[in-house]
Amino acid sequence: MPEQSDHQPSSSELSSADRQKWERVRGRLRAELGDAVYNSWFARLELETVKDGALLLTVPTKFLKSWIQSHYADRIKTRLCAEFAGTDRVVIDVRSPSRRARARDADAAVVAPTAERSAVEAPPAPVIVEKPEPHVRSNGRAAPRVEGDHFNGSPLDRRLSFSTFLVGPSNQLAYAAACRVADARAGDHPLFNPLYTHAAVGLGKTHLLQAVARAANDNRRRVIYLTAEKFMSGFVSALTAQTSMAFKEKLRNIDVLIIDDVQFLQGKSIQQEFCHTLNALIDDGKQVVVAADRPPSDLETLDERVLSRFKGGLCVDIGPLDEELRVKILEARIAAAQEAQPSFHVPPAVVSYVAKTIVTNGRDLEGAVNRLLAHSTLNGAPLCVETAENAIRDLVRNHEPKRVKIDDIQKLVASHYNISRADILSSRRTANVVRPRQIAMYLSKVLTLRSLPEIGRRFGGRDHTTVLHAVRKVEELAAKDRSLAEVIELLKRILAE
């Protein structure tokens, strides 16, 4: 198992070969565990040093270190040793404060020209938590805050407020519901409870949740804003320190609980505690606001009682940004960039081109402005459509993957295992049919946006629990069987081509 370390060795620059090996390890972990698990626990795992047969991996928090050590240590070591010949020691540690600070400063340098994050999610919660500045009244005096610091959950980005959220047809309902929740006063009975917002990455979920947190706090309501990871780490820390009762009381003694990225909530005991907290707050007339990347019906790994509570509230989605809203976002970011770089000018034709070309989310629009700013300031030439086309080419290419269909998956898997597509859809339970069917279900889950019930219907009218069992079975087998993992990766590549 990877060893734990109480000190941080000095880091050194990784060689190009080592970086390539590490990327292959990351790719295998993602393929074996699936995107949801990988993004929850491994997205911020980094390889720091390779020296004398020892590998140092780092994560930003103690909770991540503890969880990975407890659940994935052997798997990580197996994958690393397969790539790094001669490795006999793997150490997982928490990144040093100086390294976290350097990473934070680097992030600030990138986003500084486009500080106004209208209609865009904040990046993952930073490791360093800054205590928010006091709200200032129009007379210049600091408004009295409610008792205690009720932003002591996950950190808030002071730029994410209702005033910087740009509204369009795709997010108007979510915005209106969030404003209604935020405007309520202490003692008011919640009209929408819980308020459940879901959207794809970069469409504004986190922006709205943090805006609610700030506005509710300004209305003298006791507020806690937490990411799912922060909730889990707080619960685990409370259990370790034997202060779980205080943890529960703290959550129950508030007016507004806001949970972001609830799809990452894992662990039976953690979900049970979350369910108890949810029930206690709602039954007591306290407001709960939740955000996820999918509707409640697609959160197959969450407790049914939690899902039932979510479905009983108001569920609103934030749809794709229409062209008019994309133009607004671009103009707002360009204006923010011009505050730092007054000579930065983007002609209307370029703004129109970018808005028509990048249709994914606000983060990509922000990336486009950053690229235009770089081309403008570094090259010293005026921007035109041709320049913009070259500047944002990577953003366009990266978001034009082939759309994989379940029918294509079924045909390819059937062909690979020398059976017919009809066999996969049939009720036959022989070994030569069951395993390919499970692999096809697994690929349908990880390569398409279809829900488990819909996948089940496409596989001969099977129940969603059958699909979930197949997905978990294939993940388990691929983690142990290298040849099966390679077959799955091969099938993925063929389907993506």
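Structure shown above.
Residues numbered from 1 in each chain as written. Predicted model: local features only at pLDDT ≥ 70, side-chain atom pairs only at ≥ 80, totals over all residues. Heavy atoms only, no water.

What follows concerns the pairing of strand β3 (residues 54–59). Note on strand geometry: in a regular strand, side chains alternate between the two faces of the sheet. For β3, the buried fraction is high: 6 of the 6 residues fall into the buried class. On β3, burial covers both faces: A54, L56 and T58 on one face and L55, L57 and V59 on the other are all buried. One ladder, built from 5 bridges, connects strand β2 (residues 46–51) with β3; its direction is antiparallel. Considered in β3, the bridge of V50 is made with L55. (Buried < 20%, exposed > 50% of the residue type's maximum accessible area, 1.4 Å probe, protein only. Helix = DSSP H or I, 4+ residues; strand = E, 2+ residues; numbered from the N terminus. Pairing = 2+ DSSP bridges.)

Scanning the entire structure with this criterion turns up 20 salt bridges. With a shortest N-O distance of 2.5 Å, R44 and E229 are connected by a salt bridge. Here R44 is found in the loop between α2 (35–41) and β2, whereas its partner E229 is found in helix α7 (residues 228–240), with 185 residues between them in sequence. The partly exposed category is assigned to R44, whose relative accessible area is 25%. Here D293 makes a salt bridge to R294, at a shortest N to O gap of 2.7 Å. Judged by its relative accessible area of 21%, R294 is partly exposed. Through salt bridges with shared partners, one network takes in E32, R75 and R79. (Salt bridge = Lys/Arg side-chain N within 4 Å of Asp/Glu carboxyl O.)

Moving on: the pairing of strand β4 (residues 89–94). In terms of burial, β4 is largely enclosed, as 5 of its 6 residues are buried. Relative to β4, β3 runs parallel, the two being bridged by 6 bridges. What sits directly across from T58, in β4, is D93.

Inspection of the entire model under this criterion finds 6 aromatic pairs. Here F42 and Y72 contribute two aromatic rings whose centre-to-centre distance is 5.0 Å and whose plane-to-plane angle is 70 degrees, an arrangement assigned as edge-to-face. Within this pair, whereas F42 is found in the loop between α2 and β2, its partner Y72 is found in helix α3 (residues 62–83), the two being separated by 30 residues in sequence. The burial state of F42 is the same as that of Y72; both residues are buried. One aromatic cluster is present, built from ring pairs that chain together Y196, F231, F274 and F310. (Phe/Tyr/Trp six-rings, centres within 6.5 Å; stacked < 30°, edge-to-face > 60°.)

Read from one edge of the open sheet, 5 strands run β6-β7-β8-β5-β9, paired in parallel fashion. In this open sheet, the two strands that pair with only one neighbour each are β6 (223–227) and β9 (314–318). Strand-to-strand twist across the sheet, computed as the mean angle between neighbouring axes with direction ignored, equals 15 degrees. Across 5 bridges, strand β5 (residues 195–199) lies against β9 in parallel orientation. Paired with L195 across the bridge in β9 is L314. (Axes fitted to C-alpha atoms, helices over the stretch in contact; angles between N-to-C directions.)

This paragraph deals with helix α12 (residues 348–357). Those residues of α12 that sit buried are V350, V351, V354 and A355. Seen from one end, α12 has its buried residues packed into an arc of 130 degrees, which puts them on one side. Projecting away from the buried face of α12 at angles above 90 degrees are the exposed residues P348 and K356. Those residues of α12 that are buried are in contact with α11 (323–340), α13 (362–379) and α14 (385–391). (Arc of directions from axis to C-beta. Contact = heavy atoms within 4.5 Å.)

Inspection of the secondary structure puts R437 in helix α18 (residues 431–447). The charged side chain of R437 is buried without a salt bridge, its nearest counter-charge being D423 at 7.3 Å. Leaving out residues up to four positions away in the same chain, R437 has contacts with D423, I424, S426, S427, R428, F459 and R462. (Lys, Arg positive; Asp, Glu negative; His and termini not counted.)

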